[in-house]
Amino acid sequence: MTTTPRTPALRLVMLLRVSTAGQLDGYGLEAQEKDCRRWVRTAGPALGGVRIVRVCTDGGVTGKAGDDERPGLSEALQMLAAGEADGILAPNLDRVARELTQQEAILSVVWAHGARAFTADRGEHLPDDEDDPMRTFVRQVMGAAAQLERGLIAKRLRNGRKTKAANGGYAYGAPAYGQRAEEKALTVDSAEAEVLEQMRAWQEEGVSIRGICERLNSAGIPSKRGGKWHPTTVARLLSPDARAAARQQSAQARAAERAQTKRQRADRILSRLT
């Protein structure tokens with residue numbers, strides 16, 4: 001009597017992620033793993049069985065980060081490269097990466113190792129096929145639509161914070177000197193307010209910004225963050241023009257840093273694909 005050899009179960013690495021700022025939809029690690037394991041139970045038999053060989057987690061890591069900045073993703077890809085797993089399983093492509101370009105790059109790495117990619121919401125994501133261009137088109141259109149939706153949600157949140165701040169409310173960030181946050185609202189910090197009034201009085205007397213700074217440090221009065229005072233900090237507090245210039249400079253610096261980070265991540269991904 002002959003028996004048919006049993007096909008070994010598909011070995012998958014489960015990939016989970018939550019971002020640094022918290023998920024807008026509240027989709028935490030526990031819920032993500034629950035959805036993945038439900039998919040294994042329902043879809044596994046049709047695949048000849050599925051076995052989760054490792055759960056790789058990126059907790060508090062932005063989905064824009066590259067694999068070398070995400071230990072969970074990096075471990076998953078290394079297991080594929082070493083032949084220790086046959087593919088990855090994520091709750092959805094957004095958990096693989098937030099941006100479409102990152103998703104596509106990671107999927108390319110998975111397929112380059114001869115591995116398979118699954119998500120609990122869509123099943124298997126098949127490799128690109130030149131004889132089936134609709135496969136690539138549908139996947140990328142759905143990814144672009146999801147990215148657009150996330151961008152619109154984030155924009156609404158930013159606009160809401162800006163409107164609240166414009167109306168005098170406390171939206172986010174560290175309170176200005178002379179104020180403190182209390183139950184999500186700004187209130188006067190009496191001790192800092194007195195120091196601020198003294199600074200203004202010295203300025204009216206003709207004391208220079210540097211002189212005010214020296215008086216504050218000599219008196220042992222700490223800055224907002226508890227350190228010593230610097231002339232630029234004093235100038236921002238006493239001069240509206242200086243405050244506006246400092247905000248503009250900070251915004252430009254943040255934009256330049258974001259652009260540089262994107263370029264570096266793109267270069268790292270390209271180096272892995274070429």
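Parameters and conventions
- Residues numbered from 1 in each chain as written.
- Predicted model: local features only at pLDDT ≥ 70, side-chain atom pairs only at ≥ 80, totals over all residues.
- Heavy atoms only, no water.
- Phe/Tyr/Trp six-rings, centres within 6.5 Å; stacked < 30°, edge-to-face > 60°.
- Helix = DSSP H or I, 4+ residues; strand = E, 2+ residues; numbered from the N terminus.
- Buried < 20%, exposed > 50% of the residue type's maximum accessible area, 1.4 Å probe, protein only.
- Pairing = 2+ DSSP bridges.
- Axes fitted to C-alpha atoms, helices over the stretch in contact; angles between N-to-C directions.
- Contact = heavy atoms within 4.5 Å.
- Salt bridge = Lys/Arg side-chain N within 4 Å of Asp/Glu carboxyl O.

Q: A description of the packing of aromatic side chains should follow, citing residues and the corresponding values.
A: Under the defined criterion, the tally for this structure stands at one aromatic pair. Between Trp39 and Phe118, the ring centres sit 5.4 Å apart and the planes meet at 50°, which makes this aromatic pair tilted. Within this pair, whereas Trp39 is found in helix α1 (residues 29-43), its partner Phe118 is found in strand β4 (residues 116-119), the two being separated by 79 residues in sequence. Of the two residues examined, Trp39 and Phe118, each falls in the buried class.

Q: An account of the environment of Gln78 is requested, with residue identities and associated values reported.
A: Examined against the element boundaries, Gln78 turns out to sit in helix α2 (residues 71-81). Spatially, the C-alpha atom of Gln78 lies 9.9 Å from that of His113, the residues being 35 residues apart in sequence.

Q: Give me the sheet that holds strand β5 (residues 123-125): which residues, what numbers.
A: Read from one edge to the other, the open sheet built from five strands follows the order β2-β1-β3-β4-β5, with strand pairing classed as mixed. Of all strands in the sheet, those with a lone pairing partner are β2 (50-59) and β5, marking the two edges. Within the sheet, the average angular offset between the axes of one strand and its neighbour, ignoring direction, is 30°. Pairing of β4 with β5, which is carried by three bridges, proceeds in the antiparallel orientation. Across the sheet, Thr119 pairs through a bridge with Gly123, a residue of β5. Relative to β2, α2 is tilted by about 150°, and along the sheet it contacts β1 (10-18), β2 and β3 (87-90). Each of β3, β4 and β5 touches helix α4 (residues 100-112); the most contacted strand, β4, lies at about 135° to it.

Q: How would you summarise the pattern of salt bridges if you had to cite specific residues and measurements?
A: For the structure on display, the rule yields 13 salt bridges. Across the pair Glu75 and Arg54 runs a salt bridge, and its minimum N-O distance is 2.3 Å. Placement of the pair is Glu75 in helix α2 and Arg54 in strand β2, with a sequence separation of 21 residues. Owing to a relative accessible area of 29%, Glu75 belongs among the partly exposed residues under this scheme. Among the salt bridges present, the one from Arg139 reaches Asp128, with a minimum N-O distance of 2.9 Å. Residue Arg139 is located in helix α5 (residues 133-166), and its partner Asp128 is located in the loop between β5 and α5; the two are separated by 11 residues in the primary sequence. Its relative accessible area of 44% is what places Asp128 among the partly exposed residues.

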